[in-house]
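For reference, the chains in residue letters:
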4 protein chains.
Amino acid sequence: MARIGILGATGYTGVEISMILERHPEAEVAFISSEASAGLNLSSVFPRLSGCRKVNALTLRKAQDCQSVSVDAVFSCLPHGASAEACLPFAVGGAAVVDLSADFRLRDPEDYPRWYGKPHPRPQSLADAVYCIPELHRSRLNGRKLVASPGCYPTSVLLPLVAILRAGLVGAGPIIADSKSGVSGAGRKATLEYSFCETNESLHAYKVGHNHQHLGEMRQEIAQWGAAPQLVFSPHLVPMQRGILSTLYVPLAVGATGAKVRAALEDTFRNEPFVKVLSEKDGLPATAHVAHSNRAHIAVSSLPDESMAVVVCVLDNLLKGAAGQAVQNWNAMAGLDETMGLTP
Amino acid sequence: MARIGILGATGYTGVEISMILERHPEAEVAFISSEASAGLNLSSVFPRLSGCRKVNALTLRKAQDCQSVSVDAVFSCLPHGASAEACLPFAVGGAAVVDLSADFRLRDPEDYPRWYGKPHPRPQSLADAVYCIPELHRSRLNGRKLVASPGCYPTSVLLPLVAILRAGLVGAGPIIADSKSGVSGAGRKATLEYSFCETNESLHAYKVGHNHQHLGEMRQEIAQWGAAPQLVFSPHLVPMQRGILSTLYVPLAVGATGAKVRAALEDTFRNEPFVKVLSEKDGLPATAHVAHSNRAHIAVSSLPDESMAVVVCVLDNLLKGAAGQAVQNWNAMAGLDETMGLTP
Amino acid sequence: MARIGILGATGYTGVEISMILERHPEAEVAFISSEASAGLNLSSVFPRLSGCRKVNALTLRKAQDCQSVSVDAVFSCLPHGASAEACLPFAVGGAAVVDLSADFRLRDPEDYPRWYGKPHPRPQSLADAVYCIPELHRSRLNGRKLVASPGCYPTSVLLPLVAILRAGLVGAGPIIADSKSGVSGAGRKATLEYSFCETNESLHAYKVGHNHQHLGEMRQEIAQWGAAPQLVFSPHLVPMQRGILSTLYVPLAVGATGAKVRAALEDTFRNEPFVKVLSEKDGLPATAHVAHSNRAHIAVSSLPDESMAVVVCVLDNLLKGAAGQAVQNWNAMAGLDETMGLTP
Amino acid sequence: MARIGILGATGYTGVEISMILERHPEAEVAFISSEASAGLNLSSVFPRLSGCRKVNALTLRKAQDCQSVSVDAVFSCLPHGASAEACLPFAVGGAAVVDLSADFRLRDPEDYPRWYGKPHPRPQSLADAVYCIPELHRSRLNGRKLVASPGCYPTSVLLPLVAILRAGLVGAGPIIADSKSGVSGAGRKATLEYSFCETNESLHAYKVGHNHQHLGEMRQEIAQWGAAPQLVFSPHLVPMQRGILSTLYVPLAVGATGAKVRAALEDTFRNEPFVKVLSEKDGLPATAHVAHSNRAHIAVSSLPDESMAVVVCVLDNLLKGAAGQAVQNWNAMAGLDETMGLTP
């Protein structure tokens with residue numbers, strides 16, 4: 001039975017991790033941290049956690065006050081910047097650390113200030129971390145103690161795209177990722193922008209093209225596959241709570257076809273319990289097909305002249321795009337069945 | 001052509017008044033105020049007002065800086081407390097003032113601190129104001145310069161209830177008003193409570209029974225009809241933007257019946273363009289039936305033993321429950337057709 | 001390991017039962033029936049069941065073709081009328097049958113045609129069945145093979161109301177239950193009425209007062225507690241998928257108080273893992289607090305003169321109000337821990 | 001005062017036309033047709049039209065029974081196939097006909113069966129019709145009696161794209177239009193697919209790439225601008241009622257820049273009351289900015305190397321994307337101010 005700490009337990013990903021660990025047969029919860037709600041019980045902040053015995057046995061404490069708790073693993077749901085500082089001591093102390101923030105995702109220390117507008121708090125530690133979507137990168141784990149667990153947009157784009165790039169099917173020209181996310185992707189915030197009346201019955205684009213901070217890690221992860229393709233990324237906010245859908249427009253190499261793209265995806269994910277490649281008769285995926293699960297569904301279409309594949313990937317931004325993937329990463333690090341505690 | 005000022009133009013009711021005045025053939029806009037957005041154009045705060053020529057010809061100013069503008073009428077969408085102070089000088093100066101806040105709704109100066117937790121800023125002015133739902137109280141206007149225009153919950157309850165009380169059909173026992181409101185009723189606020197992820201796919205009750213501050217004005221308005229009935233009021237927040245539905249459980253007097261209740265409502269509202277009493281074959285109303293209009297729809301049902309009527313009233317909380325009713329009140333004060341500028 | 005059949009697996013409650021049984025350590029699935037989708041795989045109808053290994057090992061068959069399958073228990077999610085005929089043979093054959101339809105809820109054979117407009121298909125079997133909300137009636141199970149598992153509206157009303165009646169705290173006068181339900185309560189239907197554009201951003205009342213078919217079973221279950229109180233019930237449809245909130249207005253007996261009502265609820269549900277009675281400082285419940293769980297949350301308020309209690313109960317209409325309660329009933333019948341497979 | 005007929009008045013676009021004509025000072029309504037609801041009043045089908053005096057003075061009749069009514073103009077909201085047959089006699093009789101269906105949008109008679117799967121009912125009439133988005137094509141009207149008024153997807157794509165093509169700014173390579181629509185775009189239908197519980201909290205793609213029937217008219221309208229660009233179009237369904245947002249990825253010609261694209265849009269739409277080109281400081285548009293109005297908002301961004309522009313266009317699918325544009329077209333045909341009756 002592993003002793004687990006959750007840094008930043010009062011955000012939406014912290015809530016999901018609490019619910020997953022409640023069902024996880026090999027996990028007990030050793031601490032839960034919150035700066036704003038220290039001293040409270042987690043279910044008094046989130047009454048829907050009332051049935052979660054493990055977290056409710058504890059009181060929220062400030063992150064600083066959790067540093068001395070003995071743990072086997074830590075999930076950090078803190079914002080970038082704060083996360084690195086809070087979770088590094090645990091990694092140094094030998095615990096497995098799964099960081100859900102962006103702090104350890106970029107290998108090149110110069111990338112961080114470019115995308116996040118400030119210097120990295122601990123650039124010397126970047127080399128100790130690995131970026132890991134288990135289905136694509138689990139061999140990277142290999143004894144590492146510090147894992148950067150990717151979030152919703154990058155997972156929805158990279159899961160299909162890396163598999164297609166590896167198969168050598170991508171041709172010249174820009175790859176376009178048009179992504180649409182539910183509102184929980186923006187986190188738990190008291191802002192006018194995400195208030196019900198400003199968000200409901202409305203859809204908008206933001207940071208279209210080349211501006212979004214997650215482009216850095218996506219470009220890093222596709223850069224290694226032959227000639228670096230140009231990735232254009234446009235996120236959109238959709239009036240729903242959960243779910244992300246990315247539509248990828250991928251120029252195909254000479255000789256490549258939609259059928260070959262699907263075959264490459266099927267080969268890559270054949271034995272993966274959390275990735276389903278849809279057949280032609282399955283049609284196209286909807287975010288509701290993966291809500292409250294750790295699955296991603298991927299569909300492929302192509303133009304009649306096979307010049308371009310249109311690939312659609314859906315996942316639950318809070319699970320496969322955050323908390324679920326983080327636990328999956330920890331399961332892998334801990335030598336457990338990757339599906340443990342997770343809803344397939 | 002009347003010159004109109006809007007105090008507090010950047011709340012949701014201010015937006016609706018701006019849109020109504022745009023269509024109003026007898027209104028031009030003389031000033032628009034905002035404390036937080038002074039110096040900006042209203043459509044830069046609300047791009048959906050881009051087509052409103054009248055307000056876009058102006059720059060938002062602080063309320064204080066609008067006091068010297070010459071106007072024929074002022075709508076105050078300021079919060080209670082602030083509203084009284086800002087709009088009284090206009091009334092003193094001879095302008096027609098329609099106050100959408102609670103500041104002039106309670107006649108008894110001792111009622112205000114009871115419901116709003118602080119002394120009234122100008123108790124001596126209460127006697128100058130009248131509380132007016134036009135369909136029930138337009139005779140009160142009678143040359144008055146200061147009108148307290150009731151909001152969404154009271155209008156949805158009083159519109160049917162006063163008509164039924166006037167007809168002498170209410171028996172002994174408590175009257176229950178179970179009300180359900182869309183989220184815009186809470187105003188434009190950057191709070192966690194009204195964020196999309198906390199509000200969507202959820203429904204909750206609040207201040208049930210005897211606690212809500214609007215009970216004061218509702219009790220005041222029904223108190224005059226014979227033996228004071230006991231009013232129990234429970235508001236609920238529904239995951240939709242607009243609309244309010246109140247379900248009233250009204251004990252019937254001996255000899256009263258559901259049919260007589262409907263007849264009394266039909267008599268009261270027969271010539272009212274904004275109130276529709278549904279017939280039995282019309283069925284029950286939905287908030288969507290009155291969305292974006294200034295109408296209220298009312299339906300009546302009763303128990304087989306005619307001991308109780310169940311009355312359902314719907315209206316758009318931002319129009320008949322706020323901005324629309326305010327303009328209707330001003331139309332009446334100004335001697336214009338009450339429907340002018342309003343969507344029937 | 002019990003062998004379970006699901007009659008009517010392609011409705012929303014069938015889907016939930018499939019997901020619960022997937023996690024249930026003592027259940028395997030022996031058949032899944034559907035008239036319209038016989039021959040298909042359940043996850044081809046509901047791609048979100050793609051991860052449910054147990055149901056996906058099977059093909060949907062017509063109910064008739066499942067009669068010969070050997071099972072230990074059957075859940076019937078068929079509509080009333082059809083359900084009695086399909087599930088009785090299993091009960092006769094010795095299987096535990098949990099009927100989620102209304103077919104075995106009314107003890108008096110004359111009640112059924114009154115509320116459902118047609119004769120009961122098997123009136124002679126009514127005496128074999130018991131109506132069971134486990135927290136209130138589990139002693140009734142006592143070896144029975146046929147359980148009528150109550151649905152969402154009655155569970156949300158009876159759970160608090162029976163506890164309060166048992167404690168002798170209810171006074172004279174009508175009890176009012178004003179209930180608000182998410183749209184999934186209406187089932188999976190291709191109708192204009194429940195289409196997104198007719199339902200979203202709208203709220204309506206229906207069958208208010210004395211007309212709704214679930215009044216029959218609610219009146220039956222409260223009739224035994226002293227002088228039969230009059231129950232008035234008004235359901236409303238709320239634009240959300242899941243969740244039900246019932247607001248009860250309960251006249252109090254002389255000497256009864258809100259505090260005594262809360263104490264009676266706490267006494268009744270103290271050791272119940274699925275019912276939480278909120279303290280005063282917990283505030284009022286929201287449907288999101290119980291979404292995707294088998295819990296009900298109950299709060300109590302009362303008028304200053306203690307003449308009436310206002311009780312609010314929330315639950316997930318598809319779980320504690322349908323599939324979750326059905327599995328809870330089966331767990332109890334099978335001598336298993338009642339929480340097995342269920343999300344607390 | 002023109003006498004207007006509405007064919008197919010009980011769909012969502014018919015409802016919007018009824019509301020626009022109610023406010024239109026030069027229109028009276030001469031007939032309203034419906035096959036399914038003939039004999040009824042329109043507000044008994046849509047209670048929210050209760051305040052529309054013009055349509056409520058009439059009874060719905062079957063389209064066939066309206067042929068003899070003398071009218072100056074007809075709006076056809078009938079489905080494709082049925083529309084051509086019903087509205088041609090009016091055009092022959094001299095009335096102005098605005099067809100909102102696809103029947104007269106494709107000039108080449110061979111295009112129709114390709115996209116609609118059946119022969120055109122009156123191919124010989126295609127030459128009499130013009131395809132008209134007023135801001136782009138009003139010179140085509142020029143005395144014509146039969147106008148094909150484009151729908152939501154094509155208007156949101158063509159409005160910006162034709163303006164950019166005309167300016168010669170588009171380079172080689174595919175143009176991608178990734179469009180997201182609210183559910184009312186699918187019409188008023190009793191299907192499981194568009195039921196609340198299947199649609200809410202879900203987002204899906206459909207007919208991605210090259211399959212959607214509206215590609216025919218979009219390709220037709222861009223084909224004339226130099227070397228025919230390849231248009232890839234992927235529609236998505238978003239859980240909201242109204243609104244459409246199209247994100248266009250446009251390869252730029254050598255020397256073209258985002259700034260030049262914005263300048264070309266500003267030049268084209270400078271005097272258009274219904275099209276707003278956003279400045280850089282305006283940010284990106286949201287569908288709520290244009291809901292319930294006849295406006296379209298367009299924003300431009302470009303990649304740092306100016307190889308591609310990302311253009312975002314939003315409009316209300318039922319107004320600028322259907323009923324509003326149809327009335328705008330009729331206003332232009334009738335020599336009236338194009339904005340008459342419409343909300344700017």
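Only a predicted model underlies this, so the values are computations on that prediction, with no experimental measurement involved.

Right, let's get into the interface of chain B and chain C. Counting residues at the interface gives 41 residues for chain B and 41 residues for chain C. With both sides pooled, the region where chain B packs onto chain C buries about 3100 Å², and carbon together with sulfur makes up 66% of that total. Per-residue buried area on chain B facing chain C is highest for E201(B), L203(B) and Y249(B); these three make up 19% of the total on that side. At the boundary of chain B with chain C, the tally comes to two salt bridges. Residue K180(B) is joined to D178(C) by a salt bridge in which the shortest nitrogen-to-oxygen separation is 3.0 Å. Summed over the shared surface of chain B and chain C, the result is 16 residue pairs in polar contact (both at pLDDT 80 or more). Mapped onto the side of chain B that touches chain C, the elements with two or more residues apiece are β7 (175-181), β8 (204-205), β9 (231-237), β10 (244-251), β12 (296-302) and β13 (308-315) of chain B. In terms of residues, the side of chain B that touches chain C owes the most to one element, β7(B), which gives four residues. For the side of chain B that touches chain C, the residue count by class is 22 nonpolar, 13 polar and six charged.

All names here are of chain B. Taken in spatial order, the six strands line up as β2-β1-β3-β4-β6-β5 in an open sheet, and their pairing is parallel. The open sheet has two edge strands, β2 (27-32) and β5 (129-131), and neither has a second partner. Each adjacent strand pair in this sheet contributes to an overall mean axis angle of 25 degrees, direction not counted. Across three bridges, β5 lies against strand β6 (residues 146-148) in parallel orientation. Within the sheet, the bridge partner assigned to A129 lies in β6 and is L146. Helix α4 (residues 82-92) contacts β1 (2-7), β2, β3 (73-76), β4 (96-99) and β6 of the sheet and is inclined by roughly 165 degrees relative to β4.

Attention shifts here to the interface of chain D and chain A. A common way to report how large an interface is uses the accessible area buried once the components associate. Residue-level contacts link 41 residues of chain D with 41 residues of chain A. Interface area, chain D with chain A, both sides summed: about 3100 Å², of which 66% is carbon and sulfur. Counting across the chain D and chain A interface gives two salt bridges. The interface formed by chain D and chain A contains 16 residue pairs in polar contact (both at pLDDT 80 or more).

Under the fitted operation, chain D is carried onto chain A by 0.0 Å of movement along the axis and a turn of 180 degrees, and the coordinates agree to an RMSD of 0.0 Å. Here the transformation between the copies is reduced to the relation of a two-fold axis. Comparing interface residues between copies, 100% of those in chain D also sit at the interface in chain A, which points to an isologous, same-surface contact.

All right, on to the packing of helix α1 (residues 12-23) of chain A against helix α11 (residues 323-333) of chain A then. Residues and elements named next belong to chain A. For the pair α1 and α11, interaxial distance at closest approach is 9 Å and the crossing angle is 50 degrees. Taken together, the axis directions place α1 and α11 in an arrangement best described as oblique. In this structure, α1 crosses over α11, and the sense of that crossing is right-handed. Contacts between α1 and α11 involve T13, E16, I17 and I20 from the first element and A323, G324 and V327 from the second.

Counting residues in each nonpolar core, the largest one holds 82 residues, and the members touching the most others are I32(C), F75(C), W330(C), I32(D), F75(D) and W330(D). Among residues more than four places away in sequence, those in contact with W330(C) are A2(C), I4(C), H24(C), E26(C), A27(C), A73(C), F75(C), A96(C), V98(C) and L336(C). Ranked by size, the runner-up nonpolar core spans 81 residues in total, among them A2(A), V98(A), F274(A) and W330(B).

So, on to the packing of aromatic side chains. Per the stated rule, a full pass over the model turns up 18 aromatic pairs over all chains. Centroid distance F196(A) to F196(B): 5.6 Å. Interplanar angle 10 degrees. Geometry classified as stacked. Of this pair, F196(A) sits in helix α8 (residues 196-199) while F196(B) sits in helix α8 (residues 196-199), each in a different chain. This pair shows no difference in class: F196(A) is buried, exactly as F196(B) is.

The next thing to look at is the relation of the copies chain B and chain C. Of the transformation superimposing chain B on chain C, the axial component is 0.0 Å and the angular component is 180 degrees, with the fit at an RMSD of 0.0 Å. Mapped onto chain C, 100% of the interface residues of chain B again fall at the interface, so both copies present the same surface.

Moving on, we get to the pattern of salt bridges. Counted according to the given criterion, the structure contains 60 salt bridges over all chains. The salt bridge involving E338(A) is made with R138(A); its shortest N-O contact spans 2.6 Å. With a gap of 200 residues between them, E338(A) in the segment after α11 and R138(A) in the loop between α6 (134-137) and β6 (146-148) connect regions that are remote in the sequence. The partly exposed category is assigned to R138(A), whose relative accessible area is 32%. Residues E221(B) and R140(B) are paired through a salt bridge, measuring 2.9 Å at the closest nitrogen-oxygen approach. With E221(B) in helix α9 (residues 215-223) and R140(B) in the loop between α6 (134-137) and β6, the pair connects residues that are 81 residues apart, well separated along the chain. Each member of the salt-bridge network shares a partner with another, and the members are D178(A), K180(A), D178(D) and K180(D).

Turning our eyes to something else, we now look at the domain arrangement of chain A. Residue and element names in this part refer to chain A. Looking at chain A, the domain boundaries give domain 1 (2-149 + 322-333) and domain 2 (153-315). A straight line from the C-alpha centre of domain 1 to that of domain 2 covers 25 Å. If you look at the interface, domain 1 gives 22 residues, while domain 2 gives 27 residues. Of the roughly 2100 Å² buried where domain 1 meets domain 2, counting both sides, 49% is carbon and sulfur surface. Three residues stand out in domain 1 for area buried against domain 2, namely W115, E135 and L136, and they jointly supply 32% of the buried area on that side. Scanning the region where domain 1 abuts domain 2 turns up five salt bridges.

Rules used in this analysis
- Residues numbered from 1 in each chain as written.
- Chains lettered and ligands numbered in written order.
- Predicted model: local features only at pLDDT ≥ 70, side-chain atom pairs only at ≥ 80, totals over all residues.
- Heavy atoms only, no water.
- Contact = heavy atoms within 4.5 Å.
- Buried area = accessible area lost by both parts, 1.4 Å probe.
- Salt bridge = Lys/Arg side-chain N within 4 Å of Asp/Glu carboxyl O.
- Polar contact = N/O pair within 3.5 Å; in protein donor to acceptor, adjacent residues only side chain to side chain.
- Helix = DSSP H or I, 4+ residues; strand = E, 2+ residues; numbered from the N terminus.
- Nonpolar A, V, L, I, M, F, W, Y, C, P; charged D, E, K, R; others polar.
- Pairing = 2+ DSSP bridges.
- Axes fitted to C-alpha atoms, helices over the stretch in contact; angles between N-to-C directions.
- Least-squares fit on C-alpha atoms with pLDDT ≥ 70 in both.
- Parallel < 35°, antiparallel > 145°, perpendicular 65-115°, else oblique.
- Left-handed = near helix turned anticlockwise from the far one by under 90°.
- Core = buried A, V, L, I, M, F, W, Y, C linked by side-chain atoms within 4.5 Å.
- Buried < 20%, exposed > 50% of the residue type's maximum accessible area, 1.4 Å probe, protein only.
- Phe/Tyr/Trp six-rings, centres within 6.5 Å; stacked < 30°, edge-to-face > 60°.
- Domains from an automatic or database assignment.

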